[in-house]
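Survey of secondary and tertiary structure
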Amino acid sequence: MSARPAPHTSAIDVAAIRADFPILDQQINGKPLVFLDNAASSQRPRQVIDTISRYYEHDHANVHRGVHTLSQRATDAYEGAREIVRQFINAKDTKEIVFVRGTTEAVNLVAQSFVRPKAGPGDEILISGLEHHANIVPWQLVCEQTGAKLKVIPITPQGEVDFAAFEKLIGPRTRILALAHVSNALGTIVPVEKFIAVARQHGVPVLLDGAQAVPHGKVDVRALDCDFYCFSGHKMLGPTGIGVLYGRQKLLEAMPPWQGGGDMILSVSFEKTTYNQLPWKFEAGTPNISGTIGLGAAIRYLQSVGMERIAAYEHELLTYATQRLLEIPGLRIVGTAAHKAAVVSFVMDGIHPHDIGTILDTEGVAIRTGHHCAMPVMDFFKVPATARASMAFYNTHAEIDRLVAALEHTRQVLG
Ligand code: 7TS
């Protein structure tokens, strides 16, 4: 996703879009729901729900094993979704698209299958201070297993990754650079292209955690020139329990399987087992068939709205929300990077973020409060937690006004 979306592309028909999301049309505590917790998980349009129902009503069977019609239909739909994903992120080949449970599993797969076998004492794994726990803990496990050392690129008071510090930290012992494309806690859009260019000069492979990037703008893995890219279906209108690991074919070919079982083999005997080709080598066991098909439908929906339009419209929402929130006395925004996705983290004088979240819920407004699975970010800003409003393209300016009114109310009650 690019840092500056074109403003003229922002015309989207939000009312028509909202009509596709049945969950949005309900009252919470007697008030119309305002859902601003999209970074945790987005909502699903009827097109995704219907695709999954249709699959279960007409086409379900296990994939890759039957000659019968249902198994073929299920396999076609499953592999069809892989092609939809390939196109969506512009990967070269469907061999490079591995279905996993989500971003967390994708990072763990790369940590265990790609980095662990080639890391040892004295080697380094480089991440940033912005990362979600999913892009920290798998690397700590590899460090414990191999004796490698975790190095962390510091962040700035604005919540940007310190590029000058990065240039000093990367070196001949760096085995991987693993970076968030967009921060979930602060919304920072990391200019990953710059980091990747330097990593290339050092011959260091790069993994991007795109969980917060893919739903909000165009991602092109070939233009990025990254080696691995990870994202989750449930943050991009798709089902839970499905996600994607993109990997450069040459690297995936050379990696050992991560899990063993059915579907990932060509032949098994007690003496010797041979592994399946990509991408199935990494998909042991019966996969999340309905989730994958639902993810395909989610991508089709996003494409029907247009990723550039989504980015531009969400940028408008971010600008409006930032400006309106700053009108509230005693409110401080945490994370003020020059380029941000539509996430606003904030604290209010004298009010614990959890209390903000609780009062907002009584007003029908859903936000997340807490450490957002990014405890080091909270430590850096010396706050125990923040309140976080995270927007999607089905949110409206009127909903931002509702958020602001609910926060004013919170201040009067608790401030
Ligand atoms: N990476 C980032 C940047 C994320 O935001 C999340 C989830 C993950 C990885 C993990 O994704 P999963 O689908 O495997 O769980 N982020 C959040 C959040 O911000 N609030 O709840 C989950």
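Residues numbered from 1 in each chain as written. Predicted model: local features only at pLDDT ≥ 70, side-chain atom pairs only at ≥ 80, totals over all residues. Heavy atoms only, no water.

Further remarks concern the sheet that holds strand S16 (residues 368–370). Pairing between sheet strands relies on hydrogen bonds along the backbone, with the strands arranged either parallel or antiparallel. Reading across the sheet, the 4 strands line up as S13-S14-S17-S16 and stay open at both edges, with antiparallel pairing between neighbours. Both outer strands of the open sheet, strand S13 (331–334) and S16, are each paired with one neighbouring strand and no more. Within this sheet the neighbouring strands show an average axis-to-axis angle of 30°, counted without direction. Bridging between S16 and strand S17 (residues 386–390) involves 3 bridges; their strand directions are antiparallel. Opposite Arg368, over in S17, you have Arg388 as the bridge partner. Relative to the sheet, helix H11 (residues 307–325) contacts S13 and strand S14 (343–348), its axis offset from that of S14 by approximately 10°. Where helix H12 (residues 353–362) meets the sheet, its contacts fall on S14, S16 and S17, and the angle it forms with S16 comes to roughly 160°. (Pairing = 2+ DSSP bridges. Helix = DSSP H or I, 4+ residues; strand = E, 2+ residues; numbered from the N terminus. Axes fitted to C-alpha atoms, helices over the stretch in contact; angles between N-to-C directions. Contact = heavy atoms within 4.5 Å.)

In the vicinity of the ligand, 16 residues are found, and the nearest of them are Thr104, Asp209, Gln212, Ser232 and Arg368. For the ligand, a nitrogen atom lies 3.4 Å from a polar atom in the side chain of His132. Residue His234 places a side-chain N or O atom 2.7 Å away from an oxygen atom belonging to the ligand. Isolated, the ligand exposes 490 Å² of accessible area, and the fraction of that covered by the protein chains is 87%. In terms of residue class, the shell around the ligand is made up of 4 nonpolar, 8 polar and 4 charged. (Near = heavy atom within 4 Å. Polar contact = N/O pair within 3.5 Å; in protein donor to acceptor, adjacent residues only side chain to side chain. Areas by Shrake-Rupley, 256 points an atom, 1.4 Å probe, with all protein chains shown as cover. Nonpolar A, V, L, I, M, F, W, Y, C, P; charged D, E, K, R; others polar.)

What follows deals with the pairing of S17. Most of S17 sits inside the fold, with 5 of its 5 residues counted as buried. Residues Thr386, Arg388 and Ser390 line one face of S17 and the alternating positions Ala387 and Ala389 line the opposite face, and both faces are buried. Both S14 and S17 contribute to a ladder of 4 bridges, which runs antiparallel. Each bridged residue has a counterpart across the sheet, and for Val344 the counterpart in S17 is Ala389. (Buried < 20%, exposed > 50% of the residue type's maximum accessible area, 1.4 Å probe, protein only.)

It is worth spelling out the side chain of Ser232 at this point. Position of Ser232 relative to the elements: it lies in strand S9 (residues 228–232). The contact partners of Ser232, leaving out residues within four places of it in the chain, are Gly102, Thr103, Ile242 and Gly243.

Across its 13 residues, helix H4 (residues 103–115) extends 17 Å between first and last C-alpha, which sits within 8% of the 18 Å expected from 1.5 Å per residue. Judged by how many residues are buried, H4 sits mostly within the fold: 12 of 13 residues are covered. Within H4, burial applies to Thr103, Glu105, Ala106, Val107, Asn108, Leu109, Val110, Ala111, Gln112, Ser113, Phe114 and Val115. (Expected span 1.5 Å × (residues − 1).)

A few words now on the sheet that holds strand S5 (residues 124–128). Taken together, 7 strands build an open sheet; the order of strands is S4-S10-S9-S8-S7-S5-S6 and the sheet is mixed. At either end of the open sheet lies a strand with only one pairing partner, and these are strand S4 (97–100) and strand S6 (149–153). On average, each strand axis in the sheet is inclined to that of its neighbour by 20°, with strand direction left out of account. As defined by bridge partners, strand S7 (residues 174–180) adjoins strand S8 (residues 206–209) across 4 bridges and the pair is classed as parallel. Its bridge partner being in S8, Leu177 is matched across the sheet by Val206. Against the sheet, helix H3 (residues 69–89) makes contact with S4, S9 and strand S10 (243–247), and its axis sits at roughly 115° relative to S4, the strand it touches most. Helix H7 (residues 192–202) contacts S7 and S8 of the sheet and is inclined by roughly 175° relative to S7.

Now for the pattern of salt bridges. Under the defined criterion, the tally for this structure stands at 18 salt bridges. Taking the shortest distance from any N to any O, the salt bridge between Arg173 and Asp123 comes out at 2.9 Å. Residue Arg173 is located in the loop between helix H6 (163–169) and S7, and its partner Asp123 is located in the loop between H4 and S5; the two are separated by 50 residues in the primary sequence. Look at Arg173 and you get partly exposed, because its relative accessible area is 37%. Three or more residues are tied together by salt bridges with common partners; here these are Arg200, Asp225, Asp227 and Arg248. (Salt bridge = Lys/Arg side-chain N within 4 Å of Asp/Glu carboxyl O.)

Okay, the nonpolar core next. Grouped burial of nonpolar side chains is what soluble globular proteins tend to show. Core analysis: the largest hydrophobic core is formed by 106 residues, its most contacted members being Leu177, Tyr229, Phe346, Ile367, Phe393 and Leu407. Ranked by residues supplied to this core, first place goes to helix H10 (residues 289–305) with 9 residues. Inspection of this core shows a minimum of three residues originating in each of domain 1 (14–32 + 306–414) and domain 2 (49–304). With residues up to four places along the chain from it excluded, the contact list for Phe393 reads Ile12, Val14, Ile17, Phe21, Leu237, Tyr301, Leu302, Val305, Ile310, Tyr313 and Glu314. Within the second largest apolar cluster, 27 residues are counted, among which are Val110, Phe114, Val115 and Leu245. (Core = buried A, V, L, I, M, F, W, Y, C linked by side-chain atoms within 4.5 Å. Domains from an automatic or database assignment.)

Think of a pair of aromatic rings as described by two things: how far the centres are apart, and how the planes are tilted against each other in angle. Applying the stated criterion across every chain, the model contains 12 aromatic pairs. Between Phe21 and Tyr301, the ring centres sit 5.7 Å apart and the planes meet at 90°, which makes this aromatic pair edge-to-face. With a gap of 280 residues between them, Phe21 in the loop between helix H1 (14–19) and strand S1 (27–28) and Tyr301 in helix H10 connect regions that are remote in the sequence. Here the aromatic rings of Phe21 and Phe393 are separated by 6.4 Å at their centres, their planes lie at 80°, and the arrangement is edge-to-face. On the criterion of sequence distance, the pair formed by Phe21 in the loop between H1 and S1 and Phe393 in the loop between S17 and helix H14 (397–414) is long-range, its members being 372 residues apart. Just as Phe21 is buried, Phe393 falls in that class too. The ring of Phe163 has Lys194 lying over it, and the distance from NZ or CZ to the ring centre is 4.4 Å. (Phe/Tyr/Trp six-rings, centres within 6.5 Å; stacked < 30°, edge-to-face > 60°. Lys NZ or Arg CZ within 6 Å of the ring centre and 35° of its normal.)

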